[in-house]
Structures are given as structure tokens and as C-alpha cells.
Amino acid sequence: MAERSVRAKHRIPEDLPGGVPRDLPGGVELYHLRPDGGILLADREGHRELGPEREFLRFIDDGQFAHYLVGDAATSPERPSNATVKLGVVGPRSAFTPHAHGGEHFVLSLGHAACGLYDEARARVVDVPLVPGMLIRIPEMMPHSFANRADVPLTILAANTGYGIDHEDYAITAAEAERRAEVSVAGPGGRTAPAAGALTVPMALAGGARTDHRALAAALRDIERAQRVHGIAATTVRERLAARLRRMAAALEVPR
């Protein structure tokens, strides 16, 4: 399928709603599940519409297609995919404490949201607004926070690989990262090594096989400062009108 026109410099498509920033952090993927049935995928390299020609697999029958987010077509009891899928409800005009997950995750927003991400390559916080039907992939250990921009509760669908909410590495906050950095012990050759129970998954901020919790804490504090300075963005007039029209459309679909 032919690629649509993009901004020549930043390669983010003109038809993504919500004022998406022109330079997404590396590893972040943004999906727009359009009402016409199309799926648009954007990342740092550009954008494309998913279609049968490349990213889709045959889905049970001819003419039906699938695109895996977690796992793959060979997943089975002998080759399991370790992931959780859950519904979440975010309170009106609220945001989660900035954190990082031990595994990658996907979040589908069913309302007007925003995701603050720490872009390590540029050493800055990037805010990605989301509208209903947009799904974002956040790589493992990328510092971020998710916010509800609307005055009503926000429903999200979240899929995490590897960790449930009771696990100590599910959501590592700045305070927890600082605690882990403080309890680090000296390893061989005078290097610092995480204490027992510390996270040991790969992470861009670490630049190696073990997490640099001081760097992680600093990045999370940057997101916290951005939240304090800028607050939670409000929905626009166009978004509030669109939300009202969606409620009217939903009412029309209920049998009378």
C-alpha cells in the first residue's frame, strides 16, 4: 500500500489526530485505529498504513487479517507468551506517578489522554497526546507517565509483557529507583552492581545489561518536573465537541 505524504523533515503524518509531536522517542510506536477500519502506524522512522501486503497475517479465513502486538503466530503452551492484558480506569484530570516497567507494554486509549515519555537520545521529555482509538507502544524501561486530559473517567486497555501489578518491577518510580541506587553494593573491579532483587533487564539508559538506577531516577524526576510546570493538558474545543458527538453516536446504537 502506498505510503501517505509525511512532513519532509520530521516524518510524522499530517492525518494523525491530537497534535502528535514530530519526533517520537526511539522504540515508541503509535497506532491510530481509524473509524473507517484503517490502522495507521507511526514511529521515529516514519509512518505507514498497516495492510495485507506486509504487516498482516491470514486470520482464520481468507480476507481476514491479524497483526500481533504481543507474542506471535507460533505461541502455544510449549512456547508461551508471558503477558498480561487488563482494563484500567484513570480518574478525571489525573496522571500516574512517572514510572518505568520491566517489560514493554501497549496502552489503548478510549478517551482523551496524554503520555509523557523520556527521550534518552535527546535528554528531554516528550508529551504525546492521545485521542480515542489511539494505541501506544512503550519500550521496556522507558520512563513515562499516562494522564487523563478529560473531565470524565478514562478507560484504557493495557497489555504488559512479563509483569503483573504486584511484581516489584512492574512500575519503578523515581523514589524506588533512588532507593535501589542507594542499596547498590560494590562489585568486582570496583564497579557498582545492583543489590539482590534489583532489576537486571536491558535498558537504553543503562547502556548495558544492568539498569543504571541513578539515571533512571533522574529521567523520572524530569517527567515529574514537567508535570509540575505544565500540569495536565486540557482537551481542546474540537476534542470536547468530538466527545459529545461520540456519546450521541453511542446512544443511537442502543436499541430502543
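Up top you'll find the structure we're talking about.
Residues numbered from 1 in each chain as written. Predicted model: local features only at pLDDT ≥ 70, side-chain atom pairs only at ≥ 80, totals over all residues. Heavy atoms only, no water.

Looking at where Ala95 falls in the secondary structure, it is placed in the loop between β6 (83–90) and β7 (99–100). Take Ala95: its relative accessible area is 36%, and that puts it in the partly exposed class. Distance in space between the C-alpha atoms of Ala95 and Phe146 is 5.7 Å, their sequence separation being 51 residues. Those residues in contact with Ala95 that lie beyond four places of it in its chain are Ser145, Phe146, Ala147, Gln227 and Ile232. (Helix = DSSP H or I, 4+ residues; strand = E, 2+ residues; numbered from the N terminus. Buried < 20%, exposed > 50% of the residue type's maximum accessible area, 1.4 Å probe, protein only. Contact = heavy atoms within 4.5 Å.)

Attention now moves to the nonpolar core. Residues Leu30, Leu117, Val128, Leu130, Ile136 and Phe146 are the most contacted members of the largest nonpolar core, which totals 24 residues. Of all the elements in the fold, those that place two or more residues in this core are β2 (39–43), β9 (113–119), β10 (124–130), β11 (134–138) and β13 (154–161). Each residue touching Leu30, except ones within four places of it in the same chain, is listed here: Leu16, Val20, Leu24, Leu40, Leu41, Ala42, Val128, Leu130, Met134, Leu135 and Ile136. Met141, Ile172, Ala177 and Leu220 belong to the second-largest nonpolar core, a separate cluster that totals 8 residues. (Core = buried A, V, L, I, M, F, W, Y, C linked by side-chain atoms within 4.5 Å.)

Buried within helix α1 (residues 174–182) are the following residues: Ala174, Glu176, Ala177, Arg180 and Ala181. Seen along its axis, α1 keeps its buried residues to an arc of 165°; they face one direction. For α1, the elements touching its buried residues are β14 (172–173) and α2 (213–230). (Arc of directions from axis to C-beta.)

With that settled, the discussion passes to the environment of Asn82. On the secondary structure map, Asn82 appears in the loop between β5 (61–66) and β6. Residue Asn82 is classed as exposed on the basis of its relative accessible area, which comes to 57%. Between the C-alpha atoms of Asn82 and Thr161, which are 79 residues apart in sequence, the distance is 5.8 Å. Excluding its chain neighbours within four sequence positions, the residues that come into contact with Asn82 are Asn160, Thr161 and Gly162.

Across the sheet, which stays open at both edges, the 7 strands sit in the order β3-β2-β1-β11-β8-β13-β6 with antiparallel pairing between neighbours. If you trace the sheet from one side to the other, it starts and ends with β3 (46–49) and β6, each paired once. With strand direction ignored, the average angle separating the axes of adjacent strands in the sheet is 20°. One ladder, built from 8 bridges, connects β6 with β13; its direction is antiparallel. Its bridge partner lying in β13, Val89 is registered against Thr155. (Pairing = 2+ DSSP bridges. Axes fitted to C-alpha atoms, helices over the stretch in contact; angles between N-to-C directions.)

Okay, unusual backbone geometry next. Its identity as a non-glycine residue notwithstanding, Ala123 has a phi of 55°, on the positive side. You can see Ala123 is positioned in the loop between β9 and β10. Of note, the phi angle at Met141 is positive, near 65°, even though the residue is not glycine. The topology assignment puts Met141 in the loop between β11 and β12 (144–148). Assessed through its relative accessible area of 2%, Met141 is described here as buried.

What follows concerns α2. Along its 18 residues, α2 runs 26 Å from first to last C-alpha, staying within 8% of the 26 Å computed at 1.5 Å per residue. Along α2, the residues classified as buried are His213, Leu216, Ala217, Ala219, Leu220, Ile223 and Glu224. Down the axis of α2, the sector holding all buried residues measures 165°, keeping them to one side. Away from its buried face by more than 90 degrees, α2 exposes Arg214, Val229 and His230. Buried residues in α2 make contact with β7, β9, β10, β12, β14 and α1. Two or three places before Arg214, at the start of α2, stands the capping residue Asp212, its side-chain oxygen 3.1 Å from that residue's backbone nitrogen. Immediately downstream of α2, the backbone of Gly231 shows phi near 70°, a positive value. (Expected span 1.5 Å × (residues − 1). Polar contact = N/O pair within 3.5 Å; in protein donor to acceptor, adjacent residues only side chain to side chain.)

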